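Each chain, letter by letter, is given below.
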Amino acid sequence: MSSAGQFRFLNLIKPMMCVLPEVQSPDRRIPFKEKILWTSISLFVFLVCCQIPLYGIMTSKSADPFYWMRVILASNRGTLMELGISPVITSGMVM
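What to know about the overall build of the protein chain
Right, so step 1: Scanning the protein chain for helices and strands turns up five helices and zero strands.
Right, so step 2: Across the protein chain, helices and strands are ordered from the amino to the carboxyl terminus as α-α-α-α-α.
Right, so step 3: Burial statistics for the protein chain: of 95 residues in total, 7% are counted as buried.
Right, so step 4: On the protein chain, roughly 9,200 Å² of surface is accessible, and the fraction owed to carbon and sulfur atoms is 70%.

A short note on a nonpolar patch on the surface
Right, so step 1: Side chains of L37, W38, I41, F44, V45, V48, I52, L80 and L83 sit close together on the surface and give an oily, nonpolar patch of about 800 Å² of accessible area.
Right, so step 2: Its location among the elements puts F44 in helix α3 (residues 32-49).
Right, so step 3: When its relative accessible area of 57% is taken as the criterion, F44 is described as exposed.

Notes on the confidence of the model for the protein chain
Right, so step 1: Mean pLDDT over the protein chain: 78, with 85% of residues reaching 70 or higher.
Right, so step 2: When pLDDT is averaged over each element of the protein chain, α3 comes out on top at 89 and helix α1 (residues 2-5) at the bottom at 56.

Points about the environment of G78
Right, so step 1: Along the chain, G78 falls in the loop between α4 (67-73) and α5 (86-94).
Right, so step 2: Considered as a pair, G78 and I52 are 26 residues apart in the sequence and their alpha carbons are 8.5 Å apart.

Conventions adopted
Residues numbered from 1 in each chain as written. Predicted model: local features only at pLDDT ≥ 70, side-chain atom pairs only at ≥ 80, totals over all residues. Heavy atoms only, no water. Helix = DSSP H or I, 4+ residues; strand = E, 2+ residues; numbered from the N terminus. Buried < 20%, exposed > 50% of the residue type's maximum accessible area, 1.4 Å probe, protein only. Areas by Shrake-Rupley, 256 points an atom, 1.4 Å probe, with all protein chains shown as cover. Patch = residues over 30% accessible without salt bridge, like charges linked within 9 Å, V, L, I, M, F, W, Y side chains within 5 Å. Salt bridge = Lys/Arg side-chain N within 4 Å of Asp/Glu carboxyl O. pLDDT = per-residue confidence, 0-100.

If you want it as C-alpha cells, here you go:
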C-alpha cells in the first residue's frame, strides 16, 4: 500500500520527456515597450481582418446564430475572421 501512495503521473511520463519539444528561455530580457508594440500590432491586424469582407460572400438579412459571438469579437458577418484558424492549419499542412 505504501508503494501505491508514491506513484506519480510524472514518473509515468518521464521516459517520454526526451522526445517532447521544449521552449528555450529568451536570450535577453524583452522590454515592456516592445511587448506593448507587438501586442498593438497583433490587435491592429485582428481588427483589420474583422472588417475585410470575403470575396463572393453575399450578406443576407436572415437570422445570425453567431450574433453575440460577433459582438464580443468585434467582427462582421462574412469577413476574414469568420474563417477562423482553418486557413492557418491548412497552410501549415501544405508546407
